[in-house]
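Structural overview for review
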Amino acid sequence: MTELNQLDLYKEMVRIRQFEARVLNEYHADKSPAWDIGAGLIPGEMHLSAGQEPAAVGVCAHLKKGDAITAPHRPHHFALSHGVDMNAMMAEIYGRTTGLCKGKGGHMHLFDPENHFSCSGIIAQGYPVACGHAMAFKRKGTDHVAVAVAGEGAANQGAFHESLNLAALWNLPVVFVIEDNDWAISVPRSASTANTSNADRAAGYGMPGVRVENNDVEAVFEAAGAAIDRARAGEGPSLLEIHTVRLWGHFEGDAQAYRGAELETLDERDPIPAYAAAIGLSDDQVAAIKAEADSEVDAAVRFALDSPVPTADDALLHVFA
Amino acid sequence: MKDARAVGVVANPASARDIRRLVAHGSSVTAHQKLNQLRRLMVGLGRTGVQQVLVMGDRSGIAIGLVEASGRPSGAGWPSVEIIDEDLTNTAADTVNATRRMVAAGVGVIVVLGGDGTHRLVADECGLTPIVAISTGTNNAFPIPLEPTVAGMAAGLVAGGRLDVERVARPAKMLEVRCPGSGRSERALVDVAILNTERIGSGAVWEPGTVEELFLCFAPPDGIGLSAIGGHLQPVDRHEPVGLAIRLAATGPPPSGAPTQRVAAPIGPGLIAEVDVASWSKLAVDQPVTAATTSGTVAIDGERMFRFDSELTVTLRADGPLVIDVAEAMEFAARSGLLTGPVAT
Ligand SMILES: Cc1ncc(C[n+]2csc(CCOP(=O)(O)OP(=O)(O)O)c2C)c(N)n1
Ligand SMILES: [Mg+2]
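This is a predicted model, so every value here is computed, not measured.

What counts, and at which threshold
Residues numbered from 1 in each chain as written. Chains lettered and ligands numbered in written order. Predicted model: local features only at pLDDT ≥ 70, side-chain atom pairs only at ≥ 80, totals over all residues. Heavy atoms only, no water. Contact = heavy atoms within 4.5 Å. Buried area = accessible area lost by both parts, 1.4 Å probe. Salt bridge = Lys/Arg side-chain N within 4 Å of Asp/Glu carboxyl O. Helix = DSSP H or I, 4+ residues; strand = E, 2+ residues; numbered from the N terminus. Nonpolar A, V, L, I, M, F, W, Y, C, P; charged D, E, K, R; others polar. Pairing = 2+ DSSP bridges. Axes fitted to C-alpha atoms, helices over the stretch in contact; angles between N-to-C directions. Domains from an automatic or database assignment. Parallel < 35°, antiparallel > 145°, perpendicular 65-115°, else oblique. Left-handed = near helix turned anticlockwise from the far one by under 90°. Buried < 20%, exposed > 50% of the residue type's maximum accessible area, 1.4 Å probe, protein only. Polar contact = N/O pair within 3.5 Å; in protein donor to acceptor, adjacent residues only side chain to side chain.

**Description of the interface of chain B and chain A**
When the parts come together, some accessible area is lost, and that loss is often what is quoted as the size of the interface. Each side of the interface is counted separately: chain B has 23 residues, and chain A has 27 residues. In terms of surface lost to chain A, no three residues of chain B exceed Arg17, Leu22 and Arg199 of chain B, which account for 39% of the buried area on that side. Across the contact surface, chain B and chain A share 2 salt bridges. As a salt-bridge pair, glutamate 222 of chain A and arginine 304 of chain B come within 2.9 Å of each other at their nearest N and O atoms. Of all the secondary-structure elements, those providing two or more residues to the side of chain B that touches chain A are helix 1 (20-23), helix 2 (31-47) and strand 16 (303-308) of chain B. Looking at which element gives the most residues to the side of chain B that touches chain A, the answer is helix 1 of chain B, with 3 residues. The residue makeup of the side of chain B that touches chain A, split by class, is 7 nonpolar, 9 polar and 7 charged.

This is the structure:
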């Protein structure tokens, strides 16, 4: 298993948070009302993952070049942790030609074939794709793994169950990661799901299922390391459900009236200051790490803003028909 | 004054879902299976005259599922079910809170379904209220697998006063670990392990190479977990007034001693480790011993709990929770004819 490096885990969580905090600001800077999603320099819906960094950082710490991740509509934390280029990501978010999809995809469609990273706005669709990656890895005789990520809401989709079934049947090197943030848009888990843990569902398909509580990056790191090692060693698929927290709205512009009193407790549940305290970082260290992340993010925003906007003619390029 | 007709039930929703399913061959116990166990328990409790059950609330649908099931035709004859769900946190604190409230309500018995950790939390709070300890999972030393129907009958007979608690329950041993430097103190029902790792991480202990010292309340040779290491050096049963202290010849830096013995110990489900032992000795009740290690992490009953960097003392105590021996209780019930009688004509 990869050695745990607390400072690296912390820095990566901060890097993601600063990226998203900046996207949040830039996104709202030119939208009025906030839900006018077509307006401004960053068009379209925006699903940010603040609070869920431990899941991405704990899992991706064990991945190597050539391993695959399929992420859902809330993809930034996994993309950044998996090594997707921040400039190309930011440019895609701004809809520029230097973006990962030449500005045609936006934030929910970050495709990076070189890093085997993809995501999609159609929830749970990444599960079968991850099984495909895993089948290819297995047939080629490599020790690569595929990681499929989605929310607890997505785990009620047929594609999730079909994928668990096939992965178990074919003993594929895939790790199914469920980020349980208690909400699927405005629907609490208790209103949608007969199982209270997807670890239980894994048991039904004959694969190990583990639930990590408390949004703890080191606990995620250990469990993910064990699951990924198993997959590399040919021991087959497993499922990791991570109880995490969505600190912001489902999408930007979501007033979150449905969350009631929970909204007041969110600051206390932020995993980043909690981890800084747990590993004993000083205020100066925290500030320096944040400043380093900010300068990387500044450069990415500058790169995006300096990049060309697609022309009308570009609409006809890179299409099938 | 105990209310003989009420019984408390603590079922840990989180047991059998941790990393041991990945690093060993731990089995999964689903929330639905736990609810099913509680249904069987209710039949045993109801049939032996228990009127009311106070059940710990949870966010896994177990307690709510039980209330719902009690309203179905198949729930006829069950005790009434009341959920203790004030201030739920979805953490171990729920077990502590619920146990306190059960004791305050004067329940006659508390039935616990969970692993070593769940039982430890109950043990810290249950005082003189006897417990029935049921294992849900595969990596437990303290609770044992029991059929809840039968365990419910035993609990009901004790709660109703038809079985004398003195005859069928005995106090468990506990280990008290104190770190005067930090003021931290915890109690263990099975083992205290001193690890040379700095990480708490997922909690579970599965790498024997990280263990420097081990203190055991009991050491069954047929047990599973760290206590099995002791079981093969010097078997100690649950009721003997001694414990064990073991220095492992871990791979780490001093104070690891030179190995003198190698034990093949089943330290987890499907996980047998070759463990090198430097020395071991018996622990006497109420005699504090000082750990040789002065920094690292303390694991209580197989869960990494806290870091320390000063002296630690460990003391064996004989005043743990009163545990009902279900086999003994049922044998006594049989000999006393508590569940037999003439055919009504
Ligand atoms: C197949 C499909 N159905 C419905 C939607 C609309 N939708 C977008 S996000 C979402 C909820 C997802 O919840 P969850 O899987 O818990 O992920 P989270 O947003 O909490 O990260 C829904 C229903 C969709 N994108 N795709
Ligand atoms: Mg969700």
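We are not done yet, so read on.
**Focus on the sheet that holds strand 17 (residues 313-317) of chain B**
Residues and elements named next belong to chain B. Read across the sheet, 4 strands follow the order 8-7-17-14 without closing on themselves; strand pairing throughout is antiparallel. Each having just a single partner strand, strand 8 (184-188) and strand 14 (289-290) make up the two edges of the open sheet. Sheet topology note: the strand 7 (residues 174-179)/strand 17 ladder contains 5 bridges and is antiparallel. Within strand 17, the position partnered with valine 177 by the bridge is valine 314. Packed onto the sheet, helix 5 (residues 116-125) meets strand 7 and strand 8 and runs at close to 110 degrees relative to strand 8.

**Observations concerning the domain arrangement of chain B**
Residues and elements named next belong to chain B. Entries for chain B in the domain assignment read domain 1 (3-171 + 320-335) and domain 2 (174-317). Taking the mean C-alpha position of each, domain 1 and domain 2 sit 28 Å from one another. Facing 22 residues of domain 1, the contacting portion of domain 2 comprises 26 residues. Interface area for domain 1 against domain 2, summed over the two sides, is near 1900 Å², with a carbon-plus-sulfur share of 60%. On inspection of domain 1 and its partner domain 2, the count reaches 4 salt bridges.

**A short note on the packing of helix 5 (residues 126-139) of chain A against helix 6 (residues 158-169) of chain A**
Residues and elements named next belong to chain A. Two elements in contact, helix 5 and helix 6, have axes separated by 8 Å at closest approach and are oriented at 20 degrees. With respect to helix 6, the axis of helix 5 lies roughly parallel. Judged by the sense of rotation from one axis to the other, the crossing of helix 5 with helix 6 is left-handed. Across from Tyr127, Pro128 and Cys131 in helix 5, the residues of helix 6 making contact are Ala159, Phe160, Ser163 and Ala167. A breakdown of the residues in the contact of helix 5 with helix 6 according to their chemical character gives 6 nonpolar, 1 polar and no charged.

**Quick look at the side chain of arginine 259 of chain A**
All names here are of chain A. With respect to the secondary-structure elements, arginine 259 resides in the loop between strand 8 (238-243) and helix 9 (262-265). Taking the relative accessible area as the measure of exposure, arginine 259 reaches 4% and is therefore buried. A polar contact of 2.8 Å, which involves the side chain of arginine 259, links it to the backbone oxygen of arginine 246. In this structure arginine 259 touches Trp183, Val245, Arg246, Leu247, Trp248 and Leu266, once residues within four positions along its chain are discounted.

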